[in-house]
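Here is what each chain is made of, one letter per residue.
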Amino acid sequence: MTDHQTDHQTDPRSDPRSDRRSDRGAGRQSDHGAGRQADGHPVPPTGNAMRRALRRARDGVALDVAEAAVLLRARGEDLAELVAVAGRVRDAGLDAAGRPGVITYSKSVFIPLTRLCRDKCHYCTFVTVPGKLRREGHGMFMSPDEVLDIARRGAELGCKEALITLGDKPEDRWPEAREWLDAHGYDDTLAYVRAMSVRILEETGLLPHLNPGVLSWTDFQRLKPVAPSMGMMLETTATRLWSEPGGPHHGSPDKEPAVRLRVLEDAGRSSVPFTSGLLLGIGETYEERAESLFALRRVARAYHGIQELIIQNFRAKPDTAMRSMPDAELDDLVAAVAVARLVMGPSACLQAPPNLVDAAYERLIEAGIDDWGGVSPLTIDHVNPERPWPRIDELAERSAAAGFELRERLCVYPEFVKRGEPWLDPRIMPHVRALADPRTGLADPDAVVRGLPWQEPDEAFVPTGRTDLHTAIDTEGRTSDRRDDFDEVYGDWEALREAAAPGMVPERIDADVREALRVAADDPTKLTDPQALALLHADGPALDALCAVADDVRRSVSGDEVTYIVTRNINFTNVCYTGCRFCAFAQRRTDADAYTLSLDQVADRARQAWDVGAVEVCMQGGIHPDLPGTAYFDIARAVKERVPGMHVHAFSPMEVVNGATRTGLSIREWLTAAKEAGLDSIPGTAAEILDDEVRWVLTKGKLPAATWIEVITTAHELGIRSSSTMMYGHVDQPRHWLGHLRTLASIQQRTGGFTEFVTLPFIHTNAPVYLAGIARPGPTVRDNRAVTAMARLLLHPHIPNIQTSWVKLGAEGAAQMLRSGANDLGGTLMEETISRMAGSSYGSYRSIRDLEAIAEAAGRPSRPRTTLYGEVPAERQAAARASDGHLPELLPVIEG
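Residues numbered from 1 in each chain as written. Predicted model: local features only at pLDDT ≥ 70, side-chain atom pairs only at ≥ 80, totals over all residues. Heavy atoms only, no water.

Any chance you could explain the confidence of the model for the protein chain here in plain terms?
Caution applies to low-pLDDT parts of the model: their predicted coordinates are not meant to be read in detail. Across the protein chain, the average pLDDT comes to 84, with 82% of residues at or above 70. Taken as a whole, residues 1-34 scores under 50 in pLDDT and shows 156 contacts with residues more than four places along the chain or in a different chain. Across residues 838-842 the pLDDT falls below 50, and counting only partners more than four positions away or on other chains, this stretch makes 19 contacts in the model. (pLDDT = per-residue confidence, 0-100. Contact = heavy atoms within 4.5 Å.)

Below you can see the structure in the form of structure tokens.
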């Protein structure tokens, strides 16, 4: 028996021992792994070990096996904190996937193709013997008519998945199975699985999800064309449970962990969307349970093919060899789900079957699941026949009570639906598309489930590409989540991971937060580094107090008016070979999403912006290898010639260095020439974190911190003002934020050239460094509030304007930052491609009314400003009001 619910969950109402810190949820813990107490129970982790593990989890630091094993034993308040962290990670993943607040299920029928198996698992009640099947009037396999009858009735009820479950290679053990296959013309069990999958596709329209047990690479090639997804539970990597007599898997050749891990790898090599998971409480230790999770993570990261993990508890049943085994406890399941979420990350899909948990729905949702698995309105759960499926409307109600919307998915997860080839064979693709919502990849609720021909695809394939990225990014998204050269352009990911690890270790904080708050309220310029660091870690009431202090400082310096600017972003090219590992905007010339604008197009867009009231264009682009160093001058000049009154805010320090090196000019000479061509100010982007420990993880070829500082200070000396920025929430820690803010304050004290400080939360969704499993999934709400508040305090009184980014935080998040020390909302943008390519879900523009509404949500008035925070001329304000900052149309992109 394989993927689907291979054993029984704990009834949360059944065991009064559920609050004990015991090992029963891990079965008999024997003498393997942790030490033993006098009563035979494993020694619980120390308080320090638990606190450290929880802190690392809370800080978003990757856990190791030992820490995961500690967290698996969390109980009481520790478990509550663990669950809260895991829930936030899950929520970040759902946000990134474009389905925030959604929990999924698959409407399915359960087809037990055969209950014969060559294995002898000591807990299994699904598997039977030929004699019992005969006595009950059943064949060795379900007949085609029996299979299709269930599938047809499922289709009539709107089911879209046929879950085909069976034992491993029964013909190898049972002559009766071999005889049945021979009599019906099949070489082996898998030949029958394939044949029935084709008939289900053609005659009913349901999508087969196959659980035939251990498969070879060749087996995957046979079955991939007839099924969009497959699965097999790993269960455990504890070899002793298979090799030692009396173990639950002893005598079962298909349960050797090495064999099962090889199956997972072959599925990845074959690009098969695959479901796997753990079976808890069959005798493994907590350490072995953690090791099993890390084995799954390793495979998932190596091949990116694990579509879902099932976390499931053992429950003893009569008539099995393990009938006297103690039941697992609910707290064990909850902790395992939470730890699985932290280990596997926000993008993982975690399932807990709802018919096995009863009243524990809410606890499992809180712990980090995002899926309920297959739920059938027609068939029973043949593995747990005494546990009926919940009604789907009941499941929706229970999910809604926990704050989640229940949505139907297909047996293949939406990410793989949207990826298409090579994950979906061309022969199965039409069947999947017939049932999928093309926008979300979830099930189309209006789809008609009907059979379609299963056939070879047409030979003619017409490639398509992007023609208008700056508008299509909002409606269609990017072509893929990464460049085709992902594995080579950014360097060796494993070496990078090792380099990143030291910098991500959280530091111990010894300073008194209360004293630090007192100093901040009295005179923030007197905050010491230890005090500032303590405040950057503030949470709960201390964080609320910090934000209040920062907001008071903001009020005294900047007043209550929230400022904004009517501006247009113009990203003139996204062709770039620098290899920044956080950047999802850069493309190669040959990539489908690559583009370059002509000078006329840049000027036309500036004119359009002027006509609707803009006072500024913000222009940045990739480091295009074909653009000469003087191209930047031409761009600035083209805008000024077309719109003389427009403020040109353009060219990051990286572009300045690129221009200078290409022309052979010094930075000062190049900036002087750019100013003569029409450059008015520069964006202080490309700063990321001004600490090379972090920068060399984030980027392969970008300018070092010292060079960024040189460009900025030189610009200021030439009278070219700039903004300042910090991108945070990736591989950094609060100590890096502190150093960055101190550096900016020091520059400002010397030059006075910064107009504002802009917080830039890391958008992780499509960032290579996140996709490689190195970076965190962006900052938390706590991080955003703390950074905004501390920027206000640490930059006081030198930089009076603190800007929050609606494009990265959304309207609600931006309003919250306005209550935490920020006084500026940035610009209308009109178009925005960089953050949208990275995965921001908050759109490419905001109207004037939108920005005013954000200020109103924070209880504040608002007013427009210029780039340098001056008054906007009446004529510009009138033009902006007349259009509300909207463009009448956007111009097309010329493909590069």
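Is there a simple way to think about the packing of helix H20 (residues 513-522) against helix H22 (residues 540-558) in this case?
For any two helices packed against each other, one specifies the inter-axial angle together with the distance between the axes. Packing of H20 against H22 leaves a shortest axis separation of 10 Å and a crossing angle of 10 degrees. Taken together, the axes of H20 and H22 are roughly parallel relative to one another. From H20, Val513, Leu517, Ala520 and Ala521 reach across to H22, where they touch Ala542, Ala545, Leu546 and Val549. Of the residues contributing to the contact of H20 with H22, the split by class is eight nonpolar, no polar and no charged. (Axes fitted to C-alpha atoms, helices over the stretch in contact; angles between N-to-C directions. Helix = DSSP H or I, 4+ residues; strand = E, 2+ residues; numbered from the N terminus. Parallel < 35°, antiparallel > 145°, perpendicular 65-115°, else oblique. Nonpolar A, V, L, I, M, F, W, Y, C, P; charged D, E, K, R; others polar.)

Explain helix H34 (residues 848-857) here, please?
Each turn of an α-helix holds 3.6 residues, which means side chains three or four residues apart point in the same direction. Residues Ile848, Leu851, Glu852, Ile854 and Ala855 constitute the buried set of H34. For H34, the buried positions fall inside an angular range of 155 degrees around the axis, keeping them on one side. H34 presents Arg849, Glu856 and Ala857 as exposed residues on the side facing more than 90 degrees away from its buried surface. Among the structural elements, strand E10 (562-565), helix H32 (806-818), strand E18 (824-827), strand E19 (862-864) and helix H35 (874-883) are those in contact with the buried residues of H34. Two residues or fewer past H34, Gly859 is found with a positive phi of approximately 75 degrees. (Buried < 20%, exposed > 50% of the residue type's maximum accessible area, 1.4 Å probe, protein only. Arc of directions from axis to C-beta.)

What's the story with the nonpolar core in this structure? I'm lost.
One broad rule of soluble globular proteins: the nonpolar side chains tend to lie buried together. Residues Leu71 and Leu82 are the most contacted members of the largest nonpolar core, which totals 126 residues. The element best represented in this core is helix H12 (residues 330-344), accounting for 12 residues. What Leu71 contacts, discounting residues up to four positions off in sequence, is Met50, Ala53, Leu54, Ala57, Leu63, Leu82, Ala335, Val339 and Leu342. Ranked by size, the runner-up nonpolar core spans 119 residues in total, among them Cys576, Ile689, Phe762 and Ile802. (Core = buried A, V, L, I, M, F, W, Y, C linked by side-chain atoms within 4.5 Å.)

I would appreciate a short explanation of the packing of aromatic side chains in the present structure.
To describe a pair of aromatic rings, one takes the distance between the centres and the angle between the planes. Applying the stated criterion to the full structure yields 14 aromatic pairs. Geometrically, the ring pair formed by Tyr361 and Trp372 is tilted, given 5.1 Å between the ring centres and 45 degrees between the ring planes. Here Trp372 lies in strand E8 (residues 371-375) and Tyr361 lies in helix H13 (residues 361-367), a separation of 11 residues in the sequence. On the basis of relative accessibility, which here comes to 0%, the residue Trp372 falls in the buried class. When the centroid spacing of 6.4 Å and the interplanar angle of 75 degrees are considered together, the rings of Phe572 and Tyr632 count as edge-to-face. With Phe572 in the loop between strand E11 (567-571) and helix H23 (599-611) and Tyr632 in helix H24 (residues 631-642), the pair connects residues that are 60 residues apart, well separated along the chain. Taking relative accessible area as the criterion, Phe572 reaches 3% and is therefore assigned buried. Under the relative-accessibility criterion, Tyr632 is labelled buried at 2%. Taken together, the ring pairs in this structure connect Phe572, Tyr632, Phe633, Phe651 and Trp670 into an aromatic cluster. When the ring centre of Tyr361 is taken as origin, the NZ or CZ atom of Arg398, which lies over that ring, is 4.2 Å away. (Phe/Tyr/Trp six-rings, centres within 6.5 Å; stacked < 30°, edge-to-face > 60°. Lys NZ or Arg CZ within 6 Å of the ring centre and 35° of its normal.)

Honestly, the side chain of Arg865 in this entry has me stumped. Any pointers?
Inspection of the secondary structure puts Arg865 in the loop between E19 and H35. Since its relative accessible area comes to 3%, Arg865 is described here as buried. At 2.7 Å, the side chain of Arg865 and the side chain of Asp824 are in polar contact. (Polar contact = N/O pair within 3.5 Å; in protein donor to acceptor, adjacent residues only side chain to side chain.)

Help me out: how do you make sense of the environment of Cys618 in this one?
Tracing the sequence through the fold places Cys618 in strand E12 (residues 616-620). Considered as a pair, Cys618 and Asn571 are 47 residues apart in the sequence and their alpha carbons are 8.2 Å apart. Residues in contact with Cys618, not counting those within four places in the same chain, are Thr567, Arg568, Asn569, Ile570 and His649.

What is the right way to read helix H5 (residues 144-156) from this model?
Taking 1.5 Å per residue, 13 residues should reach 18 Å; H5 reaches 18 Å between its end C-alpha atoms and fits that length. Inspection of H5 places Pro144, Val147, Leu148, Ile150, Ala151, Gly154 and Ala155 among the buried residues, and these make up the whole buried set. The buried residues of H5 occupy an angular sector of 160 degrees when the element is viewed end-on, so they sit on one face. Opposite its buried face, H5 presents the exposed residues Asp145 and Glu156, each directed more than 90 degrees away. Tucked into the core, H5 has its buried residues touching strand E1 (102-114) and helix H7 (189-203). (Expected span 1.5 Å × (residues − 1).)

Could you clarify how one ought to interpret the pattern of salt bridges in this entry?
Pairs can form between side chains of opposite charge once their charged atoms are near each other. One pass over the structure, following the stated rule, counts 54 salt bridges. Between Arg363 and Asp331 there is a salt bridge; the shortest N-O distance is 2.9 Å. Within this pair, whereas Arg363 is found in helix H13, its partner Asp331 is found in helix H12, the two being separated by 32 residues in sequence. By relative accessible area, Arg363 is classed as partly exposed at 30%. The exposure class of Asp331 is buried, given its relative accessible area of 9%. Between Arg695 and Asp692 there is a salt bridge whose closest N-O contact spans 3.9 Å. Of this pair, Arg695 and Asp692 both sit in helix H27 (residues 692-698), three residues apart, which is roughly one turn of the helix. You can call Arg695 buried: its relative accessible area is 1%. Each of Asp551, Asp552, Arg554, Arg555 and Asp560 takes part in a single network of salt bridges with overlapping partners. (Salt bridge = Lys/Arg side-chain N within 4 Å of Asp/Glu carboxyl O.)

Help me out: how do you make sense of unusual backbone geometry in this one?
Where the residue is not glycine, phi is negative for most of them; where a peptide bond is considered, it is trans in most cases. A cis amide bond links His796 with the next residue in sequence, Pro797, at an omega value of -5 degrees. Turning to its location among the elements, Pro797 is positioned in the loop between helix H31 (781-794) and strand E17 (802-803). Located in the positive-phi region is Lys169, a residue other than glycine, with phi close to 35 degrees. Examined against the element boundaries, Lys169 turns out to sit in the loop between strand E2 (161-166) and helix H6 (175-183).

Which parts of the structure should I look at to understand the packing of H31 against H32?
The N-to-C vectors of H31 and H32 enclose an angle of 45 degrees; their axes lie 10 Å apart at closest approach. The angle between H31 and H32 falls in the class oblique. The handedness of the crossing between H31 and H32 comes out as right-handed. Residues Val781, Asn784, Arg785 and Thr788 of H31 lie in contact with H32, whose contacting residues are Leu809, Gln816 and Met817. For the contact of H31 with H32, the class distribution of residues is three nonpolar, three polar and one charged. (Left-handed = near helix turned anticlockwise from the far one by under 90°.)

What am I meant to see in the pairing of strand E5 (residues 274-280) here?
Consecutive side chains along a regular strand alternate between the two faces of the sheet. Burial analysis of E5 places seven of its seven residues in the buried class, the great majority of the element. Burial along E5 is two-sided: Phe274, Ser276, Leu278 and Leu280 facing one way and Thr275, Gly277 and Leu279 facing the other are all buried. For strand E4 (residues 229-231) and E5, the ladder comprises two bridges, and the chain directions are parallel. When the bridges of E5 are listed, Met230 appears paired with Phe274. (Pairing = 2+ DSSP bridges.)

Where do I start with the environment of Lys418 in this structure?
For Lys418, the position within the fold is in helix H15 (residues 414-419). With 22 residues separating them in the primary sequence, Lys418 and Thr440 have C-alpha atoms 7.7 Å apart. In this structure, Lys418 is in contact with Ala97, Arg439, Thr440 and Gly441, ignoring residues within four places of it in sequence.

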